[in-house]
There are 4 protein chains.
Amino acid sequence: MDAALELFAERGFNATTVPTIALNAEVGAGTIYRYFEHKEALVNAVFQRCVESFSHHLQENYPSDSGIREQFRHLFFKVVGFARDHVYAFSFLESQSNAPYLDSKSIDIFQEMMDFFYQFLEEGKKVNVIRSVPTEALFAIVYGAYVEIAKLLRKKILSESDQLMNSLEACCWDAVRV
Amino acid sequence: MDAALELFAERGFNATTVPTIALNAEVGAGTIYRYFEHKEALVNAVFQRCVESFSHHLQENYPSDSGIREQFRHLFFKVVGFARDHVYAFSFLESQSNAPYLDSKSIDIFQEMMDFFYQFLEEGKKVNVIRSVPTEALFAIVYGAYVEIAKLLRKKILSESDQLMNSLEACCWDAVRV
Amino acid sequence: MDAALELFAERGFNATTVPTIALNAEVGAGTIYRYFEHKEALVNAVFQRCVESFSHHLQENYPSDSGIREQFRHLFFKVVGFARDHVYAFSFLESQSNAPYLDSKSIDIFQEMMDFFYQFLEEGKKVNVIRSVPTEALFAIVYGAYVEIAKLLRKKILSESDQLMNSLEACCWDAVRV
Amino acid sequence: MDAALELFAERGFNATTVPTIALNAEVGAGTIYRYFEHKEALVNAVFQRCVESFSHHLQENYPSDSGIREQFRHLFFKVVGFARDHVYAFSFLESQSNAPYLDSKSIDIFQEMMDFFYQFLEEGKKVNVIRSVPTEALFAIVYGAYVEIAKLLRKKILSESDQLMNSLEACCWDAVRV
DNA sequence: CATGAATGAGCATTCATTCAT
DNA sequence: TATGAATGAATGCTCATTCAT
């Protein structure tokens, strides 16, 4: 699954061949089929593992008792940290989350993860700290920003200094706060 | 090229076969090879045409003499308008702009288009209207936001009312303004 | 189709590979798929052509106005002649007519051909020239005999002299006549 | 071997996989290779066991001292009985006796069994009870008939009543008797 | 002796590309 | 210039066979 993730993240699903995955995993091509019925089953398993890993990461040490501002900051740094520490997983999730080969379980689990963000944003709107704009739109703005920032960090166009990260977090917060 | 754009945008490069493009274009498969050396040459030509179209669209009626705030608003609505009116072109650009089959000319021309945004952001920083944060990062934030908003509009999860668009523009502006 | 028939007749469906058919037909492997959706579609097309050819052969110069005895003789020699002149077609039909890959059209067309024999046998029973035994059983006896005789002729264990053929025809007739 | 016979009879040699046989036999796939060098060695062993079983069955209670007519009747009912009681064995023998994977021992042993029939027919010809037609041809006629009758019984198109069986035996006898 | 995970050659099938018409 | 039939390399996948346990 690690070998597959790496290739799927770098080239996408269609451009990744099963023999290449096998080579990268240092197993025979047939071995893959002992564990996954299809190439599609494999990509779904990889996707689900990524989503779960991301989801756990986000909720780890989540400051449930702090205010919205603090929680936003937590999520921002968790996303950035995940993108930094799990480069392939993050770039795979970001690029393939609309792919036609994802099965319903993959879609559900991904939606569930996003619901965590949605709930956060809705809570913020309720207490009048976050703007009264459709939640999907708010999420789109910050998620889009995260994704592009992560790309820049990955490509080393930006380097992850504390000061920069704090500025970027502030930018994102200013986009949604009242 | 229109036939190809439609298919590339909907299915991606690898999942689009040359015979399918030919069928969609109502020409013989061989005819495509009279105009493009490869499938890759075709996709690059399509990409470049999209970038140019996007670029022209952005600069059309650009309020050079207005202030940064007004220019930002212009760009925001131009991007949203382009995404609405050129659904395939925008979704193709957004999804394929990191693809491994893009040649250097495609990458250059895309970069050139982004430079227009970069210059705008740098001008804004100079006059102290836009935050003093690396330009790439500022761009990432607003571009990421645009892309995700465009996805929501395309999928009809949001509908493009004046009020909503104004709010979203404000969100994006607040992310970068001083 | 000729190339495929030859191989299917000699080795059966599963033991015949598409590349081998292509080689035998002196075409590229992909070419086969321009004309037949599947290997199964090909084998069905071949089967149906064989059935039709056999069926036409049987009915050619059929002595409709003669008596049962004469008609039996006609059928016997037509079957033997077909088996001699269309070695592959006959051996393919004989060995594959119960195969699980045959589609409903193949099964129908084969049944239709057998109905010709069945009608003949039933007419014979009606006029009390052929024994009053279930038609399927009568058919089984003579068809089984034909098939095995054809095998011997094909393998050159017997040679097709007039005298021998007349004797064999008599044997078969004696098996079913009153 | 029982597990293999069942599968070979139902699906043929090529369509039966070794793991499936192992599953059906409730052993590990590797275990099969402790007893048979190849899949081919297995199918030959199965074939030979079937031939021997058939052969013993035919000769059991063989009325050596009775006349040809009585012996013919014995053989007919033994064949029918074997086909009824050893469905898989008979259908395997019938369908695979020309298969290209049979080794020389299989072919010899099968020929030996047929020689029993041949001797019987030759004896009958000597005493002028059976027609003076090449033995192979006589055998082909009755063997072909048996095979097709057995198919009908197996498929329950005919049911094995005493009266019917006696009629069919008479048909077969009339095909070869003087 | 029994196992079953691992293997990789070989299969059916697809599709970018060519080239005779 | 346009065509589309033909191609064969490359793909996803299967399965007979091996071998460490």
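Residues numbered from 1 in each chain as written. Chains lettered and ligands numbered in written order. Predicted model: local features only at pLDDT ≥ 70, side-chain atom pairs only at ≥ 80, totals over all residues. Heavy atoms only, no water.

Where an unreviewed UniProt entry is consulted, chain A appears under the name TetR family transcriptional regulator, with the organism given as Priestia filamentosa.

## Describing unusual backbone geometry
All names here are of chain A. To be explicit about the condition: Under the scheme used here, helices are H or I runs from DSSP no shorter than 4 residues and strands are E runs no shorter than 2 residues, and both carry numbers assigned from the N terminus. Accessible area is worked out with a 1.4 Å probe on protein chains only. A residue is then buried under 20% of its type maximum, exposed over 50%, and partly exposed in between.
If you check the backbone angles, N128 has positive phi at about 65° while not being a glycine. Structurally, N128 is set in the loop between helix 7 (104-126) and helix 8 (135-154). In this structure N128 comes out as exposed when scored by relative accessible area, which is 59%.

## Quick notes on the relation of the copies chain B and chain A
Threshold: C-alpha atoms of residues with pLDDT of at least 70 in both copies form the basis for the least-squares superposition of the copies. Contacts are assigned to residue pairs that have any heavy atoms within 4.5 Å of one another.
Relative to chain A, chain B is turned by 178° and slid 0.0 Å along the rotation axis, the superposed coordinates differing by an RMSD of 0.4 Å. The superposition operator between the copies reduces to a two-fold rotation axis. Closest approach to the rotation axis within chain B is made by the C-alpha atom of G144 of chain B, at a distance of 2.0 Å. A share of 100% of the interface residues of chain B reappears at the interface of chain A, consistent with the copies meeting face to face through the same patch.

## Brief notes about the interface of chain C and chain D
Here is the rule: Buried area is calculated as the accessible area (1.4 Å probe) missing from two parts once they are joined, with the contributions of both summed. Any Lys or Arg side-chain nitrogen located within 4 Å of an Asp or Glu carboxyl oxygen qualifies as a salt bridge.
On the chain D side, the residues contacting the 28 residues of chain C number 29 residues. Buried surface at the junction of chain C and chain D, both sides included, amounts to about 2200 Å², of which 72% is carbon and sulfur. Summed over the three residues of chain C that lose the most area to chain D, namely I141, E148 and C171 of chain C, the buried surface amounts to 21% of that side. In this structure, the connection of chain C to chain D is made through two salt bridges. D174 of chain C is the partner of R131 of chain D in a salt bridge, and the nearest nitrogen-oxygen pair spans 2.5 Å.

## Some details on the protein's contact with DNA strand E
The condition is simple: We define proximity as follows: a residue is near a molecule or strand when any one of its heavy atoms falls within 4 Å of that partner. Identification of polar contacts relies on pairs of N or O atoms within 3.5 Å, with a donor-acceptor requirement for protein atoms, meaning one able to donate a hydrogen and the other able to accept it, and with residues adjacent in sequence counted only if both atoms are side-chain atoms. Only Asp, Glu, Lys and Arg are considered charged in this grouping, and only Ala, Val, Leu, Ile, Met, Phe, Trp, Tyr, Cys and Pro are considered nonpolar; every other residue, Gly among them, is considered polar.
Taken together, the neighbourhood of DNA strand E is formed by 29 residues, with R34 and Y35 of chain A, V18 of chain B together with T31 and Y35 of chain D sitting nearest. Backbone atoms, meaning sugar and phosphate, form 70% of the atoms of DNA strand E found within 4 Å of the protein. Take G30 of chain A: an N or O atom from its main chain is 3.5 Å from a base nitrogen of DNA strand E. Here a phosphate oxygen of DNA strand E and a backbone polar atom of G28 of chain D are 3.1 Å apart. For the surface near DNA strand E, the secondary-structure elements that each account for two or more residues are helix 3 (29-35) of chain A, helix 2 (18-25) and helix 3 (29-35) of chain B, helix 2 (18-25) and helix 3 (29-35) of chain C together with helix 3 (29-35) of chain D. In terms of residues, the surface near DNA strand E owes the most to one element, helix 3 of chain D, which gives five residues. Its residues assigned to classes, the surface near DNA strand E shows eleven nonpolar, 14 polar and four charged.

## Considerations on the protein's contact with DNA strand F
Taken together, 30 residues lie around DNA strand F, and T31 and R34 of chain B, R34 and Y35 of chain C together with V18 of chain D are the ones closest in. Taken together, the sugar and phosphate atoms account for 71% of what DNA strand F places within 4 Å of the protein. In this structure, K39 of chain A approaches DNA strand F through a side-chain N or O atom, which is 2.7 Å from a phosphate oxygen. Of all the secondary structure elements, the ones that give two or more residues to the surface near DNA strand F are helix 2 (18-25) and helix 3 of chain A, helix 3 of chain B, helix 3 of chain C together with helix 2 (18-25) and helix 3 of chain D. Of the residues assigned to the surface near DNA strand F, the class counts are twelve nonpolar, 14 polar and four charged.

## Some details on the relation of the copies chain C and chain D
Two chain copies, one operation linking them: a rotation about an axis together with a shift along it. Superposing chain C onto chain D takes a rotation of 178° combined with a translation of 0.1 Å along the rotation axis, leaving an RMSD of 0.4 Å. In this assembly, 100% of the residues forming the interface of chain C have copies in chain D that are likewise at the interface, indicating an isologous arrangement.

## Comments concerning the packing of aromatic side chains
Residue and element names in this part refer to chain A. Quick reminder of the rule: Side-chain rings of Phe, Tyr and Trp, where Trp is taken by its six-membered ring, are said to pair if the distance between their centres is within 6.5 Å; with planes under 30 degrees apart they count as stacked, over 60 as edge-to-face, and otherwise as tilted. Two thresholds decide whether a charge sits over a ring: the Lys NZ or Arg CZ must be within 6 Å of the ring centre and within 35 degrees of the ring normal.
Under the defined criterion, the tally for this structure stands at 62 aromatic pairs over all chains. Between Y62 and F116, the aromatic rings sit 5.1 Å apart at their centres with planes inclined by 65°, giving edge-to-face as the arrangement. With Y62 in the loop between helix 4 (39-59) and helix 5 (68-85) and F116 in helix 7, this residue pair connects regions lying 54 residues apart in the sequence. Like Y62, the residue F116 is buried in the burial classification. Taken together, the ring pairs in this structure connect F8, F13, F47, F92, Y101 and F110 into an aromatic cluster. Above the ring of F13, the side-chain terminus of K39 is found at 4.4 Å from the ring centroid.

## Regarding the packing of helix 5 (residues 68-85) of chain B against helix 8 (residues 135-154) of chain B
Residues and elements named next belong to chain B. In plain terms, the rule: To obtain an axis, a line is fitted to C-alpha atoms, over the contacting stretch when the element is a helix, and the angle between two such axes runs from 0 to 180 degrees between their N-to-C directions. Helix crossings are classified by the rotation of the near helix relative to the far one: an anticlockwise turn of less than a right angle makes the crossing left-handed, while a clockwise turn makes it right-handed.
Viewed as axis vectors pointing N to C, helix 5 and helix 8 meet at an angle of 35°, and their least axial separation amounts to 10 Å. Considering how the two elements wind past one another, helix 5 and helix 8 form a crossing that is right-handed. Of helix 8, the residues touching helix 5 (which contributes F72, L75, F76, V79, V80 and A83) are V142, Y146, A150 and L153. Classifying every residue of the contact of helix 5 with helix 8 gives ten nonpolar, no polar and no charged.

## Side note on the state of the cysteines
Short version of the rule: For the purposes of this analysis, a disulfide is any pair of cysteine sulfur atoms at a distance within 2.5 Å.
This model, assessed by the stated rule, comprises zero disulfides over all chains. In this structure C172 of chain B is not part of a disulfide, and its nearest cysteine sulfur, from C171 of chain B, lies 6.5 Å away.

## With respect to the nonpolar core
Stated precisely, the cut-off is as follows: Side-chain atoms within 4.5 Å are what join buried Ala, Val, Leu, Ile, Met, Phe, Trp, Tyr and Cys residues into a set we call a nonpolar core.
Counting 139 residues, the largest nonpolar core has F92 and L168 of chain A together with F92 and L168 of chain B as the members making the most contacts within it. When residues no more than four places from it in sequence are discounted, the contact partners of F92 of chain B are L5, F8, A9, V43, V46, F47, C50 and S97 of chain B. Core analysis: the second largest hydrophobic core is formed by 138 residues, V18, L138, V142 and M165 of chain C among them.

## A word on the arrangement of the chains
If you take every C-alpha in chain A and every C-alpha in chain C, the smallest gap between them is 21 Å, and the two do not touch. Left apart from each other, chain B and chain C have a closest C-alpha approach of 13 Å.

## So, helix 1 (residues 2-11) of chain C
Structurally, the α-helix is built with 3.6 residues per turn, so residues lying three or four positions apart point the same way. Residue and element names in this part refer to chain C. Buried within helix 1 are the following residues: A3, A4, L5, L7, F8 and A9. Here the buried face of helix 1 lies against helix 2, helix 4 (39-59) and helix 6 (87-96). Among the residues trailing helix 1, G12 stands out with phi positive, at a value near 85°.

## Comments concerning the packing of helix 7 (residues 104-126) of chain B against helix 8 of chain B
Residue and element names in this part refer to chain B. Heads up, the rule is: Convention used here: angles under 35 degrees read as roughly parallel, angles over 145 as roughly antiparallel, angles from 65 to 115 as roughly perpendicular, and any remaining angle as oblique.
Packing of helix 7 against helix 8 brings their axes to within 10 Å, and their N-to-C directions diverge by 115°. The orientation of helix 7 relative to helix 8 falls into the category roughly perpendicular. For the crossing formed where helix 7 meets helix 8, the hand is right-handed. Counted together, F110, M114, F117, Y118, L121, E122 and K125 of helix 7 and T135, E136, L138, F139, Y143 and Y146 of helix 8 form the full contact between these two elements.

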